[in-house]
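# Fold and geometry: a report
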Amino acid sequence: MISVEFLGPISEESMQLDISDLSALKTILAQKESLKSWLPLSAIAINGVLVDNIHTPLKHGDRVVLMPPVCGG
């Protein structure tokens, strides 16, 4: 089981999923209408490390965080 969290303006509750890689996560999240616009823009971190390979494997206990772009001053 992995945990999935959403930061910033993404208004989704955290999830617990039994999946094996980021590709499976993307498939699940793409089904949610409220996330469709955020998915292509957001960075993904696994256990605090940014990743960009959609085939990155996941293991039990991993924490995946979806981070939308932000503006700062």
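Residues numbered from 1 in each chain as written. Predicted model: local features only at pLDDT ≥ 70, side-chain atom pairs only at ≥ 80, totals over all residues. Heavy atoms only, no water.

Taking an unreviewed UniProt entry as the reference, the protein is identified by name as MoaD/ThiS family protein belonging to Helicobacter baculiformis.

Turning our attention to the pattern of salt bridges. Under the defined criterion, the tally for this structure stands at four salt bridges. When the shortest N-O distance is used, the salt bridge between Glu5 and Arg63 registers 2.9 Å. Of the two residues, Glu5 sits in strand 1 (residues 2-6) while Arg63 sits in strand 5 (residues 63-67), which places them 58 residues apart along the sequence. Its relative accessible area of 38% is what places Arg63 among the partly exposed residues. Measuring nitrogen to oxygen at the nearest pair gives 3.5 Å for the salt bridge that ties Lys36 to Glu33. Classification of Glu33 by relative accessible area gives exposed; the value is 61%. (Salt bridge = Lys/Arg side-chain N within 4 Å of Asp/Glu carboxyl O. Helix = DSSP H or I, 4+ residues; strand = E, 2+ residues; numbered from the N terminus. Buried < 20%, exposed > 50% of the residue type's maximum accessible area, 1.4 Å probe, protein only.)

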